[in-house]
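# Structural overview
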Amino acid sequence: MFADNMEVPVFSDKVTQQLKLFTQQCMSDASLLHDPKLSCIKDLIEHYGGKVPEAKANDSSDTKTEFENKPEQPQFESTSESEESKESEKSEESDLELDMTGVIEPDEDAPQKMGNLTLQPNEEEIAESQAKRSEAVSAFVEKDYETAIQFYTEAIVLNPQAALLYAKRGQVFLILDKPNACIRDCNRAIELNPDSAAAYKFRGRAYHLLGMFEEAANDLRLACKLDFDEQADEWLRETTPNARKIEEHKRKKERKAQEKLERERQERLQKAREAAKAREENTRTSQTDAGNTSPGAGDFFKFLKDPELIQAFEDPEMAEAFREISTNPTSILKYQNNPKIMALINKMASKYGSGCCNPGAAGMNFPGGMPGAEAGRSDPSKSSPHDDVGLD
């Protein structure tokens, strides 16, 4: 373990703690001993008959592959979760307090007659259309709204390209509480003239009567922008509070939806981390079991962790004797008459070996025995010239 010209370091408390930590790490993950930087430790274990488990090259990749290569499964809400979500949305809708004053039931009449946009009226048809329009205005003033609608329809058939005719007929439908019919006429008017302030004004009011406050506010704002009108402005002020409440409600709903998506994403990430951690723990457990079952290695780790032996090696004389015996097992004969050294050797043999009464084998009888011990005992003449120092 140590070179001949190196002194065995004194095992202080700090070193002892580091050794304990190191042995625990090695026992948890035997693959650490395959690091080239720790080759001396691996050689020492094998020198005394121990065996370090072979490293599994695919451990790290196998750990990752199962999770990383597995496509993320789409998350579907269960039926109950979906129903709960819908109930929650309904509850939120019911919590939205709107002023429904003036809102009416939608009209379900058949669509009114529209002009043929492909027709190009001549001068006579245009003149006749204007005459019908005048009659419609007269009927409107007299509050004969049905007659007014009839004349406006005749005028539209004669001149289907006149946007204002549709807007004015839409106004009459609005007075008759037929907002859907009004919206159809105003849509045609805007199609023919996108800058028709009257069409936006009447359609905006029709939306308000149907409870479509956001659409109403948008149309009425545009109408006032194109051609300010006191009545349009009054209608806008009437519908704006409800429109703002709905807009705020939608922003809140959208914000909650985003928070829910983010929460679900964080939950998926947390589950993924927990799954990866569980797989890592399982891998470490399997490696620890493999390291604990290898012959010899367990005894060596126990040797490193034995507090009595570590304390003994803090004695310089003990450390030097251990270094010399580790380098040349036959030099154990040199210490046969040293009670302190032999007591330590016999103690180690009783714990980690079987030849406690045989000085030649007792010293370092780790798993597999100490190479050369038997040879050194049976043929002392082969020992080094200095091995007879201290012998009788």
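Residues numbered from 1 in each chain as written. Predicted model: local features only at pLDDT ≥ 70, side-chain atom pairs only at ≥ 80, totals over all residues. Heavy atoms only, no water.

## Points about the overall build of the protein chain
- The helix and strand inventory of the protein chain stands at 17 helices and zero strands.
- Evaluated residue by residue, the protein chain yields a buried proportion of 35% over its 392 residues.
- Excluding contacts between residues fewer than 6 apart, the proportion of contacts in the protein chain whose partners are at least 24 apart in sequence is 62%.
- For the protein chain, the exposed surface amounts to about 23900 Å²; the carbon and sulfur share of it is 51%. (Helix = DSSP H or I, 4+ residues; strand = E, 2+ residues; numbered from the N terminus. Buried < 20%, exposed > 50% of the residue type's maximum accessible area, 1.4 Å probe, protein only. Contact = heavy atoms within 4.5 Å. Areas by Shrake-Rupley, 256 points an atom, 1.4 Å probe, with all protein chains shown as cover.)

## So, the packing of helix α6 (residues 145–158) against helix α7 (residues 163–175)
- Relative to each other, α6 and α7 sit at 160°, their axes nearing to 10 Å. In terms of orientation, α6 and α7 fall into the roughly antiparallel class. The interaxial crossing formed by α6 with α7 has left-handed handedness. For the pair formed by α6 and α7, the contact residues are Tyr145, Ala148, Ile149, Tyr152, Thr153, Ala155 and Ile156 on the first element and Leu165, Tyr166, Lys168, Arg169, Val172, Phe173 and Ile175 on the second.
- Considering only residue class, the contact of α6 with α7 consists of eleven nonpolar, one polar and two charged. (Axes fitted to C-alpha atoms, helices over the stretch in contact; angles between N-to-C directions. Parallel < 35°, antiparallel > 145°, perpendicular 65-115°, else oblique. Left-handed = near helix turned anticlockwise from the far one by under 90°. Nonpolar A, V, L, I, M, F, W, Y, C, P; charged D, E, K, R; others polar.)

## Some points on the side chain of threonine 330
- Considering the arrangement of structural elements, one finds threonine 330 in the loop between α14 (316–327) and α15 (339–352).
- The exposure class assigned to threonine 330 is buried, which follows from its relative accessible area of 16%.
- Among the polar contacts listed, one links the side chain of threonine 330 to the side chain of asparagine 328, at a separation of 2.7 Å. (Polar contact = N/O pair within 3.5 Å; in protein donor to acceptor, adjacent residues only side chain to side chain.)

## As for α7
- Across its 13 residues, α7 extends 19 Å between first and last C-alpha, which sits within 8% of the 18 Å expected from 1.5 Å per residue.
- Within α7, ten of the 13 residues are buried, which leaves the element mostly enclosed by the surrounding structure.
- The complete set of buried residues in α7 reads Ala163, Leu165, Tyr166, Ala167, Arg169, Gly170, Gln171, Val172, Phe173 and Leu174.
- Trailing α7 by a residue or two, aspartate 177 shows a phi angle of about 60°, which is positive. (Expected span 1.5 Å × (residues − 1).)

## A few points about the packing of aromatic side chains
- Scanning the model with the defined rule gives one aromatic pair in all.
- Plain terms: the ring middles of phenylalanine 140 and tyrosine 145 are 5.6 Å apart, the flat faces sit at 65° to each other, and that makes the pair edge-to-face.
- Overall, the relative accessible area of 24% leaves phenylalanine 140 in the partly exposed class.
- Judged by relative accessible area, which is 18%, tyrosine 145 ranks as buried. (Phe/Tyr/Trp six-rings, centres within 6.5 Å; stacked < 30°, edge-to-face > 60°.)

## A short note on the nonpolar core
- If you look at the biggest cluster of nonpolar residues, it comprises 39 residues, and the most contacted ones within it are Leu165, Val172, Leu174, Cys182, Ala189, Ala199 and Phe202.
- When contributions to this core are tallied by element, the ones reaching two or more residues are α5 (123–141), α6, α7, α8 (179–192), α9 (197–209), α10 (213–226) and α11 (230–292).
- In terms of nonpolar packing, the next biggest core, distinct from the first, is built from 15 residues, Leu309, Met318, Leu344 and Met348 among them. (Core = buried A, V, L, I, M, F, W, Y, C linked by side-chain atoms within 4.5 Å.)

## Focus on the pattern of salt bridges
- Counted by the stated rule, this structure contains 15 salt bridges.
- Residue glutamate 317 pairs with lysine 340 through a salt bridge whose shortest N-O separation is 2.9 Å. Of this pair, glutamate 317 sits in helix α14 while lysine 340 sits in helix α15, and the two are 23 residues apart along the sequence.
- With a relative accessible area of 36%, lysine 340 lands in the partly exposed category. (Salt bridge = Lys/Arg side-chain N within 4 Å of Asp/Glu carboxyl O.)

## Side note on a negative patch on the surface
- On the surface, Glu123, Glu124, Glu125 and Glu128 cluster together into a negatively charged patch.
- With respect to the helices, strands and loops of the structure, glutamate 125 is situated in helix α5. (Patch = residues over 30% accessible without salt bridge, like charges linked within 9 Å, V, L, I, M, F, W, Y side chains within 5 Å. Lys, Arg positive; Asp, Glu negative; His and termini not counted. Charge placed at Lys NZ, Arg CZ, Asp CG, Glu CD.)

## Quick notes on the packing of α5 against α6
- In the contact formed by α5 and α6, the axes pass within 8 Å of each other and the chain directions differ by 170°. With respect to α6, the element α5 is oriented roughly antiparallel. Where α5 crosses over α6, the two elements pack in a sense that is left-handed. Residues Glu125, Glu128, Ser129, Lys132, Arg133, Glu135, Ala136, Val137, Ala139 and Phe140 of α5 pack against Tyr145, Thr147, Ala148, Phe151, Tyr152, Glu154, Ala155 and Leu158 of α6.
- Of the residues that constitute the contact of α5 with α6, the class distribution is ten nonpolar, two polar and six charged.

## A word on helix α2 (residues 39–47)
- Turning to α2, its buried residues are Ile41, Leu44 and Ile45. Along α2, the residues classed as buried sweep out an arc of 100° about the axis, all on the same side.
- Of the residues trailing α2, glycine 49 is marked for its positive phi of about 90°. (Arc of directions from axis to C-beta.)

## Points about the side chain of glutamine 171
- Assignment of secondary structure puts glutamine 171 in helix α7.
- Polar side-chain contacts of glutamine 171 include one of 3.0 Å to the side chain of lysine 168.
- Once residues lying within four places of it in the same chain are set aside, the contact partners of glutamine 171 are Phe140 and Phe202.

## Here's the deal with unusual backbone geometry
- Residue lysine 143 is not a glycine yet carries a positive backbone phi of 65°.
- Using a relative accessible area of 62% as the deciding quantity, one classes lysine 143 as exposed.

## Side note on the confidence of the model for the protein chain
- Across the protein chain, the average pLDDT comes to 77, with 69% of residues at or above 70.
- Low confidence marks residues 293–297, where pLDDT is under 50. Its contacts with residues over four positions away, or in another chain, come to ten contacts.
- When the criterion is pLDDT under 50, residues 354–392 qualifies, and its contacts beyond four places in sequence or with other chains add up to 65 contacts. (pLDDT = per-residue confidence, 0-100.)

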